Amino acid sequence: MSKALAVEVDGAQALKRAPVLMPALVSQAYDYFVPAAAPVGALVEAKLANKTRIGAVWDGAGDASLPDAKVKPVARVLDLPPLKKDFRDWLAWMSDYTLAPLGAVLSLAGLSFAAKITRTAYKPPVFVPTLPTLTDAQQQAAAKLLDGGAVLLDGVTGSGKTEVYFHAIADVLAAGKQVLVLLPEIALTHQWLERFQQSFGAQPSVWHSKQTPASRARVWQGAARGEAQLIVGARSALFLPFRDLGLIVIDEEHDPSYKQDEGVLYHARDMAVARARFEKIPIVLVSATPSLETIINVEEGKYRTVHLHERFGKAGMPQVKLVDMVAEPPERGDFLSPAVRSAVAATLEKGEQALLFLNRRGYAPLLLCRACGHRFECADCSAWMVVHGKNQRIECHHCGHRDPMPKECPSCKAEADKLVPCGPGVERIAEEAKVAFPEQRIAVLSSDEAIAAEAWAAIERGEVDILVGTQMVAKGHHFPKLTFVGVVDADVGLQGADLRAGERTYQLLHQLGGRAGRAEAAGTVLIQTYHPQHPIMQALVKHDRDAVMGLERALRQQGGWPPYGQLAAILLDGVSESAVRSAGQKLAQRAPVDARLRVLGPAPAPLSKLRGQYRYRLLVKAQPGISLQRTLRAWLADAKFKGVRIKIDVNPYYFM
């Protein structure tokens with residue numbers, strides 16, 4: 001057992017009144033009696049609303065109007081370093097920026113792990129760097145990463161960006177500082193951890209939601225004590241209370257999964273840049289397809305940039321071609337075009353790997369009754385039920401509700417043979433590939449499947465011939481034998497009214513193409529599309545990122561959309577649609593009158609019902625000169641409606 005984590009507070013101790021912030025939906029700290037020696041930032045256990053929580057002694061003078069008789073003592077002080085001032089200041093800034101209650105922001109820091117006594121103490125790994133030799137271009141890039149502030153490491157896929165920032169990590173670790181590396185997907189950690197261990201001789205600490213509470217407690221306490229020198233994790237790792245943080249790395253900085261869309265709504269990349277500024281440490285943003293926001297920050301001098309223009313070694317960029325699905329359609333009932341099938345066959349004949357990509361989970365996105373046209377919809381969400389597991393179940397991808405495969409149509413009572421899966425998911429593409437190539441080894445890679453480290457290793461060794469996957473295979477992975485990528489439905493990302501649809505589609509498909517031909521054999525990408533003349537498709541063929549960003553820049557600048565204007569979404573939900581709609585209308589009527597401000601809505605959200613809650617949305621567009629947070633705070637200060645919850649998303653990334 002590790003040593004006791006707390007000192008009990010008893011009547012013999014000298015006490016003082018101090019504000020204590022609790023991780024709850026509260027906007028302020030409340031006064032408690034704490035030991036006189038407890039500094040600001042000290043972690044304490046106390047009760048709030050009859051619930052025991054771990055909070056922190058906070059900045060400020062407290063509430064002088066509250067009599068001592070009503071102030072309660074904390075139960076104990078934890079034997080851990082206090083939260084640092086720059087960390088507390090950053091959390092307070094984040095609360096102000098996101099308009100989330102300060103206590104809710106503190107809850108992101110996972111203070112409950114501070115009190116958990118684990119059976120085994122944290123064992124710091126011993127890192128012995130044996131870093132790979134860099135090319136001249138890589139050496140020049142690595143030398144500039146730690147010059148201060150935010151820097152964009154902008155390199156084409158396969159250019160060795162990871163190896164470059166490994167050198168920066170080694171320098172920071174050698175100086176006795178801690179390092180945080182954020183990755184967009186947990187699935188990326190296997191290869192990243194292997195590469196790290198090869199370069200540093202030991203595994204770093206890992207932080208993500210799928211770990212056991214005991215494991216997370218060890219890492220949390222290791223970060224707080226300074227014992228965990230390097231932590232790699234998902235976006236939530238950003239809120240660990242590092243004792244002496246010296247560097248933050250955001251890999252694949254453009255990735256949309258850095259946006260948190262539940263609870264406190266924030267973008268981890270942007271909050272990481274702010275944390276680095278508060279802690280006065282360097283931060284490295286890494287991408288082959290940087291976001292427009294990051295590119296603009298570079299142009300405006302807010303970020304520095306270093307470039308890697310060529311792939312490492314003998315590898316060249318893959319050749320990208322378009323398959324016009326109108327001119328070259330698949331056989332009836334199939335989804336792979338003749339051109340893609342032929343390319344897969346040619347790839348397999350050479351003993352190389354092929355990847356078939358479709359960014360759609362499951363077997364089919366819709367189940368339809370041929371007799372009456374009934375479509376199976378989730379009872380709790382305005383979304384179709386997705387067919388899964390070779391027709392064994394249907395599932396809602398928004399709330400997780402599952403049902404067995406229906407035996408009849410609930411509308412017309414037609415039998416099961418009239419129920420038809422419509423459209424393809426990755427399982428259906430894998431099924432088609434198995435029919436076309438029955439002797440080949442096929443693996444499905446999607447977030448529905450638990451993919452063990454050994455499975456990834458088998459793919460790397462070439463023990464899988466055809467990979468069928470969703471976006472989780474599009475970034476960060478290195479499969480030496482993979483030379484062909486076939487994109488099944490490239491147009492799906494361009495549909496809808498998403499502000500960043502074009503940019504995201506290019507980023508995803510370019511990153512996907514970057515998996516092909518990363519070793520000596522040349523890579524080829526075939527993209528099936530019904531819109532081959534679309535500017536995004538043409539840019540993919542030419543590897544012309546500047547054309548995409550020029551188009552995105554013009555569209556957003558013309559409309560005053562971010563980063564050329566400010567945007568916030570006001571989201572309302574509740575079990576009564578009429579109450580939610582009425583609340584939205586009342587909010588719109590109370591909107592500030594300002595020529596620099598435009599309010600759109602209220603209107604039903606595209607996903608108008610989610611988990612039984614009806615959803616309406618207002619969009620607030622503001623010119624750069626106005627203080628959007630101050631305006632929203634004043635507007636919504638007294639906005640309370642019975643049975644209706646209000647959330648604010650500053651700079652939204654998702655519009656569902």
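Residues numbered from 1 in each chain as written. Predicted model: local features only at pLDDT ≥ 70, side-chain atom pairs only at ≥ 80, totals over all residues. Heavy atoms only, no water.

Things to note about the overall build of the protein chain
Of regular secondary structure, the protein chain possesses 16 helices and 31 strands. For the protein chain, the C-alpha atoms occupy an extent of roughly 80 × 65 × 50 Å along the three principal directions. Burial status across the protein chain gives 52% buried among its 656 residues. Accessible surface for the protein chain amounts to roughly 28,600 Å². Of this, 51% is attributable to carbon and sulfur atoms. (Helix = DSSP H or I, 4+ residues; strand = E, 2+ residues; numbered from the N terminus. Buried < 20%, exposed > 50% of the residue type's maximum accessible area, 1.4 Å probe, protein only. Areas by Shrake-Rupley, 256 points an atom, 1.4 Å probe, with all protein chains shown as cover.)

A few points about the pattern of salt bridges
For the structure shown, the criterion picks out 32 salt bridges. Ionic pairing is found between Arg17 and Asp31, a salt bridge with its closest N-O pair at 2.7 Å. Placement of the pair is Arg17 in strand 2 (residues 15-21) and Asp31 in strand 3 (residues 30-35), with a sequence separation of 14 residues. Under the relative-accessibility criterion, Arg17 is labelled partly exposed at 27%. (Salt bridge = Lys/Arg side-chain N within 4 Å of Asp/Glu carboxyl O.)

A look at the environment of Ala603
With respect to the helices and strands, Ala603 occurs in strand 29 (residues 597-610). On the accessibility criterion, Ala603 (34% relative accessible area) is partly exposed. In the structure, Ala603 is positioned 12 residues away from Arg615 in sequence and 8.7 Å away in space, judged by C-alpha atoms. Contacts of Ala603, omitting those with residues within four sequence positions, involve Tyr616 and Arg617. (Contact = heavy atoms within 4.5 Å.)

As for the confidence of the model for the protein chain
Taken over all residues, the pLDDT of the protein chain has a mean of 90, while the share at 70 or more is 94%. Every residue in residues 1-5 scores below 50 in pLDDT, and together they form 16 contacts with partners more than four places removed in sequence or on other chains. (pLDDT = per-residue confidence, 0-100.)

So, the side chain of Gln178
Inspection of the secondary structure puts Gln178 in strand 9 (residues 178-182). Gln178 sits in the buried class, given a relative accessible area of 2%. Of the polar contacts made by the side chain of Gln178, one reaches the backbone nitrogen of Asp244; its length is 2.7 Å. Gln178 has contacts with Val172, Gly222, Ala223, Gly226, Ala228, Gln229, Phe242, Arg243, Asp244, Leu245, Gly246 and Leu247, leaving out every residue within four places of it along the chain. (Polar contact = N/O pair within 3.5 Å; in protein donor to acceptor, adjacent residues only side chain to side chain.)

What to know about the sheet that holds strand 25 (residues 466-469)
A sheet is described by the order of its strands in space; here six strands give the open sequence 17-27-26-18-25-24, paired in parallel fashion. This sheet does not close on itself; its edge strands, each paired only once, are strand 17 (319-324) and strand 24 (442-445). With strand direction ignored, the average angle separating the axes of adjacent strands in the sheet is 20°. Bridging between strand 24 and strand 25 involves four bridges; their strand directions are parallel. Paired with Val444 across the two strands is Val468, which belongs to strand 25. Along the sheet, helix 12 (residues 501-513) contacts strand 18 (353-357), strand 26 (482-487) and strand 27 (524-529); its crossing angle with strand 18, the most-contacted strand, is approximately 165°. (Pairing = 2+ DSSP bridges. Axes fitted to C-alpha atoms, helices over the stretch in contact; angles between N-to-C directions.)

A short note on the nonpolar core
Grouped together as the largest cluster of nonpolar side chains are 71 residues, with contacts concentrated most on Leu43, Trp90, Leu180, Trp220, Ile231, Ile248 and Ile283. Here this core gets six residues from one element, more than from any other, and that element is helix 7 (residues 268-279). Beyond its immediate sequence surroundings of up to four residues, Ile231 is in contact with Val179, Leu180, Val181, Ser205, Trp207, Val219, Ala223, Leu240 and Phe242. (Core = buried A, V, L, I, M, F, W, Y, C linked by side-chain atoms within 4.5 Å.)

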